[in-house]
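Geometric and topological summary
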Amino acid sequence: MTAPSPPGLLRAPLVVEFPFTRSLGPVQSAFLTGLRERVLLGVKTCDGRVMVPPVEYDPVTAEDIRELVEVAATGTVTTWAWNGRPRPNQPLGTPFAWVLVRLDGADTALLHALDAPGPEAVRTGMRVRVRWAAERTGAITDIACFEPCDGADGGPATPHDGAFADPVTGIVAEARLDYTYSPGRAQTAYINGLSRRKTIGERCPSCHKVYVPPRGACPTCGVATTDQVEVGPAGTVTTYCIVNIKARNLDIEVPYVYAHIALDGADLALHGRIGGIPYDQVRMGLRVEPVWTEGGRYPDHYRPTGEPDADYDAYKELI
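Residues numbered from 1 in each chain as written. Predicted model: local features only at pLDDT ≥ 70, side-chain atom pairs only at ≥ 80, totals over all residues. Heavy atoms only, no water.

**Observations concerning a nonpolar patch on the surface**
Inclusion rule: To count toward a patch, a residue needs a relative accessible area over 30% and no salt bridge; like charges are then connected within 9 Å, while nonpolar side chains (Val, Leu, Ile, Met, Phe, Trp, Tyr) are connected within 5 Å. Areas reported here follow the Shrake-Rupley algorithm with a probe of radius 1.4 Å; residue values treat only the protein chains shown as occluding. Within this document, salt bridges are pairs made up of a side-chain nitrogen of Lys or Arg and a carboxyl oxygen of Asp or Glu, the two lying within 4 Å of each other. The numbering of helices and of strands both runs from the N terminus, where a helix is a DSSP run of H or I of at least 4 residues and a strand a run of E of at least 2.
Taken together, the side chains of Leu14, Val16, Phe18, Phe20, Leu177, Tyr179 and Tyr181 present a nonpolar region at the surface, about 660 Å² in accessible area. Elements that contribute at least two residues to the nonpolar patch include exactly strand 1 (12–23) and strand 11 (170–181). Along the chain, the position of Tyr179 falls in strand 11.

**Remarks on helix 1 (residues 26–36)**
For an α-helix the count is 3.6 residues per turn, leaving residues at separations of three or four pointing the same way. Applicable threshold: Any residue under 20% of the maximum accessible area for its type is buried, any over 50% is exposed, and the rest in between are partly exposed; the area is computed with a 1.4 Å probe on protein chains only. Contacts are assigned to residue pairs with any non-hydrogen atoms lying within 4.5 Å of each other.
Burial within helix 1 is extensive, with 10 of its 11 residues counted as buried. Buried residues belonging to helix 1 abut strand 1, strand 2 (40–44), strand 4 (68–71), strand 8 (127–132), strand 9 (143–148) and strand 11.

**A closer look at the side chain of Asp104**
Put simply, the test is: For this analysis, a polar contact is any N or O atom pair within 3.5 Å, provided that within protein one partner can donate a hydrogen and the other can accept it, and provided that sequence-adjacent residues contribute only side-chain to side-chain pairs.
Following the sequence through the fold, Asp104 ends up in the loop between strand 6 (96–103) and strand 7 (110–114). Residue Asp104 is classed as buried on the basis of its relative accessible area, which comes to 3%. Of note is the side chain of Asp104, whose polar atom sits 2.5 Å from the side chain of Thr74. A distance of 2.8 Å separates polar atoms of two side chains, one belonging to Asp104 and the other to Arg127. Not counting chain neighbours up to four residues away, the residues in contact with Asp104 comprise Val71, Ala72, Thr74, Gly75, Arg127, Ala152, Asp153, Gly154 and Gly155.

**Here we look at the packing of aromatic side chains**
Let me state the cut-off plainly: In this scheme Phe, Tyr and Trp rings, the latter by its six-membered ring, pair at centre separations within 6.5 Å, and the angle between planes marks the pair as stacked below 30 degrees, edge-to-face above 60, and tilted otherwise.
In the structure shown here, the tally under the stated rule is two aromatic pairs. The interplanar angle of 75 degrees and the centroid separation of 5.0 Å between the aromatic rings of Phe96 and Trp98 together place this pair among those described as edge-to-face. Under the relative-accessibility criterion, Phe96 is labelled buried at 0%. When its relative accessible area of 29% is taken as the criterion, Trp98 is described as partly exposed. With 5.5 Å between their ring centres and 85 degrees between their planes, Tyr312 and Tyr315 make a pair best called edge-to-face. Taken together, the residues Tyr312 and Tyr315, both in helix 3 (residues 312–315) and three residues apart, mark about one turn of the helix. On the basis of relative accessible area, Tyr312 is assigned to the partly exposed category, the value being 45%.

**Some points on the pairing of strand 16 (residues 256–263)**
Quick note on the threshold: Should DSSP find at least two bridges between two strands, the strands are taken to pair.
For strand 16, a buried count of six out of eight residues is recorded, marking the element as mostly surrounded by other parts of the structure. Sheet topology note: the strand 15 (residues 235–243)/strand 16 ladder contains eight bridges and is antiparallel. Bridging from a neighbouring strand, Cys241 pairs with Tyr258 of strand 16. Sheet topology note: the strand 16/strand 17 (residues 270–274) ladder contains five bridges and is antiparallel. Bridging from a neighbouring strand, Ala259 pairs with Gly272 of strand 17. Linkage of strand 16 to strand 17, two consecutive antiparallel strands, is achieved through a turn of six residues, within which Gly265 is found at a positive phi near 95 degrees.

Now the structure itself:
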């Protein structure tokens, strides 16, 4: 349970979400493709240990390792923790145990979920087996969970060439974090100011630097910043980059320019997109002003003011 924010402070749900896309090398490709085919693969290290999940480099010598072996779908719980309140998108919707399972034939343990009626049914050393997902795509979720079982050790690992038809060569992992976020006193004032098309910073009472966006404290002096200062609206491009890769769900055509902008009166540059000018004409020292979104909640981008460029000495300390 979270405590309420003090009166006047903003508070809202915040979701940080992005897809992480990566290509797979031969070891990880074989491991994930094997899961799709209900085959559990590990890799043998230089000293003869079998690692599941497999890695591509020996953890001791850092040498490439490519010797794949098949292990059993049964194993032994080496340690566990009970999860009485599963969160969304976890392996099981009912209470379960997180377990480390050393599969028969492996020397390392695999983390996954164990379907058990309660914590009294789980113990270190218990025997378990893989419960395969009904539909498998070449991901760790092809193992739906583990379940208790009886039976002897499945035996040592056996060599495997890692060859499968239609191998999995890449994965997209959806990362998502859900927060209830309160920006605090300083940034609440900053956000409320943006709704009035004003940019509010705070001045350090010791070194007198003005920070935008405000942090509530001076990172140099370590003292609270309570003196509010309106800065801008115009500013100077201190440095920039040209973006040539289109981001998913971002309706901006590439190439475009993202820049650090020192607003007039501020001692810290904020970042924003530059528009209203060809990307190859953006430069350090360019004078810009905000173009506000519909409703004026925040600047959509910054455009040239038409003023002469700022002298380098005027912004060199803000790069």
